[in-house]
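# Topology and contacts: notes
One letter stands for each residue in the lines below.
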Amino acid sequence: MVWEWLLKGVLLGLAIAAPLGPIGIFCIQKTLSSGFKSGLFSGLGAATADAIYGSIAGLGLSSFISYLMGYKALFQSLGGLFICYLGFRFFINPPQGQLQTQPVQKSSLNSYTATFLLTLSNPVTIVSFLGIFSVSGVVSSSAGSKAIPLLVGGVFLGSVLWWLFLVSAVSFLRAKMLNGPGLSIFNKLSGLVMLGFGVSAFIQLVKG
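Within each chain, residues carry numbers counting from 1 in the order of the written sequence. Only residues with pLDDT of at least 70 get local features here, since the model is predicted, and only at 80 or more are side-chain atom pairs given and counted; chain-wide, interface and lining totals rely on the full set of residues. The basis for every side-chain value is the complete set of heavy atoms in the structure, and neither hydrogens nor water enter the calculation.

## Comments concerning the packing of helix H2 (residues 22–34) against helix H6 (residues 108–120)
Convention followed: The axes used here are C-alpha line fits, helices contributing only the stretch in contact, and every angle between their N-to-C directions lies in the interval 0 to 180 degrees. Secondary structure is summarised from DSSP: a helix means a run of H or I of at least four residues, a strand means a run of E of at least two, and numbering begins at the N terminus for each. Roughly parallel here means an angle under 35 degrees, roughly antiparallel means over 145, roughly perpendicular means 65 to 115, and every remaining angle is called oblique. We call two residues in contact when some of their heavy atoms are within 4.5 Å. Each residue gets one of three labels, nonpolar for Ala, Val, Leu, Ile, Met, Phe, Trp, Tyr, Cys and Pro, charged for Asp, Glu, Lys and Arg, and polar for the others, Gly among them.
At a minimum axis distance of 11 Å, the contact between H2 and H6 shows a crossing angle of 170°. By the angle between their axes, H2 is roughly antiparallel relative to H6. Contact with H2, carried on its side by Ile23, Phe26, Cys27 and Lys30, involves Ser111, Ala114, Thr115, Leu118 and Thr119 of H6 and no other residues of that element. In terms of residue class, the contact of H2 with H6 is built from five nonpolar, three polar and one charged.

If you want it as structure tokens, here you go:
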């Protein structure tokens, strides 16, 4: 059945989103410092970018893919700088969650935009989706054009489900961390980890 591709997409979305990286660290930090809504919108930004890259790969836009890959070094350089910037901010700024018991009402759009751009800064993601579509058999399937939107939609839904689970779990633990040094410690650790990811991106560019 065509709708089986939706389920496949959900499973793929979960597998893509689950590994902990700079996006995951960012979402956890935003949840701890600004609350559930900010963390969730951060995850939605990453899920949207994944869906866009998945759509490009699924539609077989080879010329556009080649164009993006031609600027891979530029995208990764900007992404590395952005990650380092976020890591530096996390490290030096006091966790706002400790300043008051209610979540800080920051702009959810800012959280969404940050992770959206951060995820888009890695066009190599398209290559991963090309492999996913090839292995899944959607390209050679008789379902064809009907299956691809369902698979991409499933990827988005699976990614959203993962971020919803992660942010909910972190939000549950948030109250216990507000009254102690835990939030401050995590803020500095997350800053160092983000800086590590940023530096690693530049090392990979040099080696590449």
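## Comments concerning the UniProt feature "transmembrane region" (unreviewed entry) in the chain
Our working rule: UniProt positions are given in the numbering used here, feature names are shortened, and annotations may be inferred rather than shown by experiment.
UniProt records the feature "transmembrane region" (unreviewed entry) for residues 6–28, 40–67, 73–92, 112–135, 147–173 and 185–206 in the present numbering. Between the C-alpha atoms that bound residues 73–92 the distance is 29 Å, and the span itself is 100% helix and 0% strand. The annotated region residues 185–206 carries 100% helix and 0% strand content, and the separation between its end C-alpha atoms amounts to 32 Å.

## Describing the nonpolar core
The condition is simple: Buried residues of nine kinds, namely Ala, Val, Leu, Ile, Met, Phe, Trp, Tyr and Cys, make up a nonpolar core once their side-chain atoms join them within 4.5 Å. Exposed residues in this analysis have more than 50% of their type's maximum accessible area, buried residues have under 20%, and partly exposed residues fall in between, with area computed by a 1.4 Å probe over protein chains only.
Ile23, Phe26, Trp163 and Met194 are the most contacted members of the largest nonpolar core, which totals 17 residues. Of all the secondary-structure elements, those providing two or more residues to this core are H2, helix H5 (72–92), H6 and helix H8 (147–178). At six residues, the largest contribution of residues to this core is made by H2. When residues no more than four places from it in sequence are discounted, the contact partners of Trp163 are Ala17, Ile23, Gly24, Cys27, Gly43, Ala46 and Ala47. Counting eight residues, the second largest nonpolar core, distinct from the first, contains Tyr53, Ile56, Ile65 and Val155.

## Some thoughts on the side chain of Thr119
With respect to the helices and strands, Thr119 occurs in helix H6. We classify Thr119 as buried; its relative accessible area is 10%. The contacts of Thr119, once residues within four sequence positions are left out, are Ile23, Ala46, Ala49, Asp50, Tyr53 and Thr125.

## Details of H2
Each full turn of the α-helix corresponds to 3.6 residues, which orients residues three or four apart in the same direction. Counted only if it meets this: An expected span of 1.5 Å times one less than the residue number is assigned to each helix.
Taking 1.5 Å per residue, 13 residues should reach 18 Å; H2 reaches 18 Å between its end C-alpha atoms and fits that length. Burial analysis of H2 places 13 of its 13 residues in the buried class, the great majority of the element. In the stretch just after H2, Gly35 is the one whose phi turns positive, near 105°.

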